[in-house]
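Secondary and tertiary structure notes
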Amino acid sequence: MKIPSSIWTLLIGIVLTLVSLWYGQNHGLLPTAASDEAVLVDGLFNTMMVVSTGIFLLVEGILIYSAIRYRKRSGDNEDGPPVEGNVPLEILWTAIPAIIVIGISVYSFDVYNEIGGFDPHAIHEAPITGQSMSMSMPGAAFAKRAGTALAATLNDTPPSTEPNLNQEKSDEAMQDPATAAVRNADQIPQKRNAPGVGVVSPTIGPSPENVGKPAQLLVNVTGLQYAWLFTYPDSGITTGEMHVPIGREVQINMTANDVIHAFWVPEFRLKQDAIPGRQSEIRFTPRTAGDYTLICAELCGPYHGAMRTQVVVETPEAFDKWVQEQLVASREEPLSQAVAVNPTNLSPDEFLAPYTKDMGIQPETLNQVQTAHHH
Amino acid sequence: MTQAQLQETANIPALSEEPGIRKWQDYFTFNTDHKVIGIQYLVTTFIFYCIGGVLADLVRTELRTPEVDFVTPEVYNSLFTLHATIMIFLWIVPAGAGFANFLIPLMIGAKDMAFPRLNAVAFWMIPPSGLLLIASLVVGDAPDAGWTSYPPLSLVTGQVGEGIWIMSVLLLGTSSILGAINFLVTLLRMRIPGMGFNQMPLFCWAMFATSALTLVSTPVLAAGLILLAFDLLAGTTFFNPTGGGDPVVYQHMFWFYSHPAVYIMILPFFGAISEVIPVHSRKPVFGYKAIAYSSLAISFLGLIVWAHHMFTSGIPGWLRMFFMITTMIIAVPTGIKIFSWLATMWGGKIRLNSAMLFAMGFVGTFVIGGISGVMLAAVPFDIHVHDTYFVVAHLHYVLFGGSVLGIYAAIYHWFPKMTGRMLNEFWGKVHFGLTIVGLNMTFLPMHKLGMMGMNRRVAQYDPKFTFLNEICTIGAYILAVSTFPFIFNAIWSWLYGEKAGNNPWRALTLEWMTTSPPAIENFDKTPVLATGPYDYGLEKAKEGVPLSDPDPVLSAGPNSVLRAEPDPAVAANPEDRK
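Residues numbered from 1 in each chain as written. Chains lettered and ligands numbered in written order. Predicted model: local features only at pLDDT ≥ 70, side-chain atom pairs only at ≥ 80, totals over all residues. Heavy atoms only, no water.

A few points about the overall build of chain B
Counting its secondary structure elements, chain B contains 20 helices and 0 strands. The 578 residues of chain B split such that 69% are buried. Long-range contacts, defined as pairs at least 24 residues apart, comprise 80% of the intrachain contacts of chain B with a sequence gap of at least 6. With an accessible surface of roughly 17500 Å², chain B has 71% of that area assigned to carbon and sulfur atoms. (Helix = DSSP H or I, 4+ residues; strand = E, 2+ residues; numbered from the N terminus. Buried < 20%, exposed > 50% of the residue type's maximum accessible area, 1.4 Å probe, protein only. Contact = heavy atoms within 4.5 Å. Areas by Shrake-Rupley, 256 points an atom, 1.4 Å probe, with all protein chains shown as cover.)

Thoughts on the sheet that holds strand E3 (residues 227-232) of chain A
All names here are of chain A. Strand order across the open sheet formed by 6 strands is E1-E9-E6-E2-E3-E4, with mixed pairing between neighbours. Lying at the two open borders of the sheet, with one neighbouring strand each, are strand E1 (203-204) and strand E4 (237-239). As defined by bridge partners, E3 adjoins E4 across 3 bridges and the pair is classed as antiparallel. Residue pairing across strands places tyrosine 232 opposite isoleucine 237, the latter belonging to E4. (Pairing = 2+ DSSP bridges.)

Let's talk about the packing of helix H2 (residues 36-69) of chain A against helix H3 (residues 87-114) of chain A
Residues and elements named next belong to chain A. One can describe the packing of H2 onto H3 by two numbers: an axis separation of 9 Å at closest approach and a directional angle of 170°. With respect to H3, the element H2 is oriented roughly antiparallel. In contact with Leu40, Val41, Gly43, Leu44, Thr47, Met48, Val51 and Ile55 of H2, H3 contributes Ile100, Ile104, Tyr107, Ser108, Val111 and Glu114. Here the residues of the contact of H2 with H3 are counted per class, giving 10 nonpolar, 3 polar and 1 charged. (Axes fitted to C-alpha atoms, helices over the stretch in contact; angles between N-to-C directions. Parallel < 35°, antiparallel > 145°, perpendicular 65-115°, else oblique. Nonpolar A, V, L, I, M, F, W, Y, C, P; charged D, E, K, R; others polar.)

As for the sheet that holds strand E10 (residues 290-296) of chain A
Residue and element names in this part refer to chain A. The strand order across the open sheet formed by 5 strands is E5-E11-E10-E7-E8, and the pairing between neighbours is mixed. Two strands lie at the open edges of the sheet, namely strand E5 (242-245) and strand E8 (270-274), each paired on one side alone. The average angle at which neighbouring strand axes cross in this sheet is 25°, direction not considered. Bridge count between strand E7 (residues 261-265) and E8: 5 bridges; the pairing is antiparallel. Across the sheet, the residue bridging to phenylalanine 263 is glutamine 272, located in E8. Each of E5 and strand E11 (308-314) is contacted by helix H10 (residues 316-331), which is oriented at about 140° to E5, the strand it contacts most.

Re the interface of chain B and chain A
If you look at the interface, chain B gives 102 residues, while chain A gives 95 residues. Summed over both sides, the interface between chain B and chain A buries roughly 8300 Å², with carbon and sulfur atoms accounting for 67% of that surface. Notably, a salt bridge pairs aspartate 246 of chain B with arginine 278 of chain A, separated by 2.8 Å at the nearest N-O pair. Considering each element in turn, the side of chain B that touches chain A owes the most residues, 9 residues, to helix H13 (residues 331-345) of chain B. Here the side of chain B that touches chain A is built from residues that sort into 56 nonpolar, 28 polar and 18 charged. (Buried area = accessible area lost by both parts, 1.4 Å probe. Salt bridge = Lys/Arg side-chain N within 4 Å of Asp/Glu carboxyl O.)

Some details on a nonpolar patch on the surface
Residue and element names in this part refer to chain B. A cluster of nonpolar residues, Val43, Ile47, Ile491, Trp492, Trp494, Leu495 and Tyr496, forms a patch on the protein surface that exposes about 750 Å² of accessible area. Listing elements by their share of the nonpolar patch, those giving two or more residues are helix H3 (34-62) and helix H18 (466-496). For the nonpolar patch, the leading source of residues is H18, giving 5 residues. The residue isoleucine 491 is located in helix H18 in this model. (Patch = residues over 30% accessible without salt bridge, like charges linked within 9 Å, V, L, I, M, F, W, Y side chains within 5 Å.)

As for the pattern of salt bridges
The full count for this structure, using the stated rule, is 13 salt bridges over all chains. With its nearest N and O atoms 2.9 Å apart, the salt bridge here joins lysine 349 of chain B to aspartate 76 of chain A. In this pair, lysine 349 of chain B is assigned in the loop between H13 and helix H14 (354-377) and aspartate 76 of chain A in the loop between H2 and H3, connecting two distinct chains. Look at lysine 349 of chain B and you get partly exposed, because its relative accessible area is 22%. By relative accessible area, aspartate 76 of chain A is classed as buried at 17%.

Points about the side chain of serine 108 of chain A
Assignment of secondary structure puts serine 108 of chain A in helix H3. In contact with serine 108 of chain A, other than residues within four places in its own chain, are Leu44 of chain A together with Met324, Met328, Ala378 and Pro380 of chain B.

So, the packing of aromatic side chains
Residues and elements named next belong to chain B. Counting across every chain of the model gives 56 aromatic pairs over all chains. Both rings, one in phenylalanine 270 and one in phenylalanine 366, keep their centres 5.2 Å apart while their planes meet at 85°; by these two values the pair is edge-to-face. Pair noted here: phenylalanine 270 is in helix H10 (residues 247-281) and phenylalanine 366 is in helix H14, with a separation of 96 residues, a long-range link. Phenylalanine 366 gets classed as buried once you look at its relative accessible area, which sits at 6%. (Phe/Tyr/Trp six-rings, centres within 6.5 Å; stacked < 30°, edge-to-face > 60°.)

Looking at unusual backbone geometry
Leaving glycine out, the prevailing phi sign among residues is negative, and the prevailing peptide bond configuration is trans. The peptide bond linking glutamine 225 of chain A to tyrosine 226 of chain A adopts the cis configuration, its omega dihedral lying at -10°. Counting through the fold element by element, tyrosine 226 of chain A comes out in the loop between strand E2 (217-224) and E3. The residue after serine 516 of chain B, namely proline 517 of chain B, is reached through a cis peptide bond having omega -10°. Tracing the backbone through its elements, the reader meets proline 517 of chain B in the loop between H18 and helix H19 (539-542). With a phi close to 55°, arginine 282 of chain B is a non-glycine residue in the positive phi region.

Quick notes on the pairing of E2 of chain A
Residue and element names in this part refer to chain A. Counting buried positions along E2 gives 6 out of 8 residues, so the element sits mostly inside the fold. Where E2 lies against strand E6 (residues 250-256), 7 bridges are found, and the strand directions are parallel. Within the sheet, the bridge partner assigned to leucine 217 lies in E6 and is valine 250. Summarising the sheet, E2 and E3 pair through 5 bridges and their orientation is antiparallel.

Overview of the pairing of E7 of chain A
Regular strands have side chains that alternate between both faces of the sheet. Residue and element names in this part refer to chain A. Burial of E7 is extensive: 5 of the 5 residues sit out of reach of the surface. Every second residue of E7 is oriented toward a common face, with His261, Phe263 and Val265 on one face and Ala262 and Trp264 on the other, all of them buried. Taking the residues between adjacent antiparallel strands as the criterion, E7 and E8 are bridged by 4 residues, where arginine 269 takes a positive phi near 60°. Across 2 bridges, E7 lies against E10 in antiparallel orientation. In the strand pairing of E10, phenylalanine 263 is matched with cysteine 296.

Focus: the side chain of serine 52 of chain A
Relative to the elements of secondary structure, serine 52 of chain A occurs in helix H2. Those residues in contact with serine 52 of chain A that sit more than four places away from it in its chain are Ile371 and Met375 of chain B.

Remarks on the packing of helix H17 (residues 425-452) of chain B against H18 of chain B
Residues and elements named next belong to chain B. Interhelical geometry of H17 versus H18 gives an angle of 160° and a closest axis separation of 8 Å. Considering the angle they form, H17 stands roughly antiparallel to H18. Every pair of crossing elements has a handedness; the one defined by H17 and H18 is left-handed. Its residues placed into classes, the contact of H17 with H18 shows 20 nonpolar, 9 polar and 1 charged. (Left-handed = near helix turned anticlockwise from the far one by under 90°.)

Here we look at the environment of phenylalanine 70 of chain B
Residues and elements named next belong to chain B. With respect to the helices, strands and loops of the structure, phenylalanine 70 is situated in the loop between H3 and helix H4 (73-108). Accessibility expressed as a relative area gives 42% for phenylalanine 70, which makes it partly exposed. Contact partners of phenylalanine 70, with chain neighbours within four places excluded, come to Leu58, Thr61 and Glu62.

As structure tokens, this is what we get:
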């Protein structure tokens, strides 16, 4: 009995679909999903894997089938049939990939929105304070560096009434003495935002249900060759490994002290470059307890491969206990005195004193700068 | 003059015996013959490929174990930086130019390129810049900031090595701009009368798209590199954050060239594959216009996808969506090509010789790179795998499984035209088998490595990845071994191989209508088109008598190419002679 080719096509199509569906769910290519965001990303990947498996099997199948079925028999010097094209077929195989990529785009768009990729209002949220205005003057930071006269003219954006978001975020982070102790924000001028497609602080913001709410835990992360430093403004802790509690939304503010680094925890499926002069943020919610590795993903020098540390995801109770332990440990260090001083009560030059002294800048210079700025 | 008459004049002994300047010394001169330059390009770039391959195997040797135990981390970074720079700027990009130089004038019936001296200048920029780059390794201060050379890292690593890298890449970029101008003008102005754009072979279409893309994007890289050189050597702070510069601007400028560069590296071989598959399947190419115009679509879309390399750096959220969509859309013209090639093979009479095997290998492995490319375009997934071995796997499936297999297919296909001799089929198949095994063994496990958490450009990694890295390293050694049969085959066949005749594949494009190797100025008289480039199986091409015909008629018929094979010492169709 000869089976018609349409039946064959149908059968092959069914088998192909089933195999693709099965493999898309059982590929075992991803590590544990340890954050709420990771679950969403995995869903997207599995879907793409189903489609990819189908296309892969189809193409390889046709190739191998053609190589066997249509290979030249010996002695046959004829040409094949002169089929030059088939417009409906060509429209079909243009339309199908187009529909597939549109489908994947829409799904990706949705996942991206869910993990907080869109945060269009972030730019307006930060309040403009007198202090941040004065600190956003680039002159102070430039003064020390050689060849900066040229640099200043090349890089300064014209005076603008827009707030400098990077500067504000940096100032905010530097309010925490522990962060100020590990960051060199005073040496690296912060990039000024440009409207539209300009400089931005790269962000993965809150998930849609958390929009407008502050994150439950804030961690300032500083990347430098070849270490990650974590400071917890809520408690004043400084550590070399990160602890986060399950179920609380964590916000990370990060920047780099020297070259570009990238914050990547594979189990969180999140990655963000830490760029000197910019303040990047990501928000995520840990969900699976365990010890994971935080990896620097952007080439940062010869020991880039060694720039790894632990991220511990633990129950809120265990986390709180860890915070207490860290506080006890840090009390024996002189840093505790700095914690006692409330920086908001200080004038800018008092606040900057520890840093400006290192840079050879006198308070008078700062005041002049401030005056010049106001005129 | 018809193709048929042309074929006969080509067989005049005076021409075919010693077709002009073909002393070996000619290849070491500032020759302006496009064929000499084409072969100069191909041989030079292949030497750089071997050097780049040695560097790759040194990198893989370091990665056999999770610790840094083979070279120092500084040397390791220099190794992969030079490996990438050499493979991209000194092998794949100029190899495409090499084929274009050799083939374009022949394919369009021209005597030479539009600007022969400019052509020689473009080639002669390559050896010095390559030597410069390799010299940096010898003097001990090689560039080690990756082939992307992102500031501020590139500004704080060795100044000498980085300066050499910038100089070398600038020279190579200049070379490819000069080449692109030449290809464009040649294609626009020097086609024979009667050859409209839609009668051009698809390789010409592909080079047209490639050259246009080169011309638009390469100057931006040059600008970026010049600014980087100012930062490095003159203390300016265009990209240096300590003076208020913006490192992300460099990334934009770099990728505005370097993503299109991927298409500059793959489009010529899309073109080559479109030539190889119809000839060896004995069928017209399926959807000529679709393949031709999709090259233009890829060339245009290629210009607006660069920021997908920067999804995790500093670009606004909505911009990531824009670049996600443009990147995804590129899959559509690429898919059109793949399905058209499959349809060309479908129902044909496929000769499974080395050229065809490499072409089929190209389609089969490139599709994996294409699929992972769509995955990388999806922003949430890209955020996870960016800068990991998943990306390394993807780009090697595109550039090795695509471009390099394409180069090999093209070499096996056009070697008879270039040298007048056939490559040995047995060793060709050994070469193919080893390459396919090595390629998949090296790069397939990298997908999993990347997703599980292995970042790229590291000398030390988590010990849990040891096993997969071991497989990759063995695969890389197989790939190294796979080139030996090819090298010996190419050298031996060039000297002693079976004589090819003018048209061993019975192809219909114009380059096969002259002697092998072609004489100076290619054609005796301006050719006249009698058939389209891919009219296999059509009546006008069928008029030809089968090869076994005892009494070949030498005069009439547009496709008398098929008949002009009276000399049994010349392999018309090598498989049939056995």
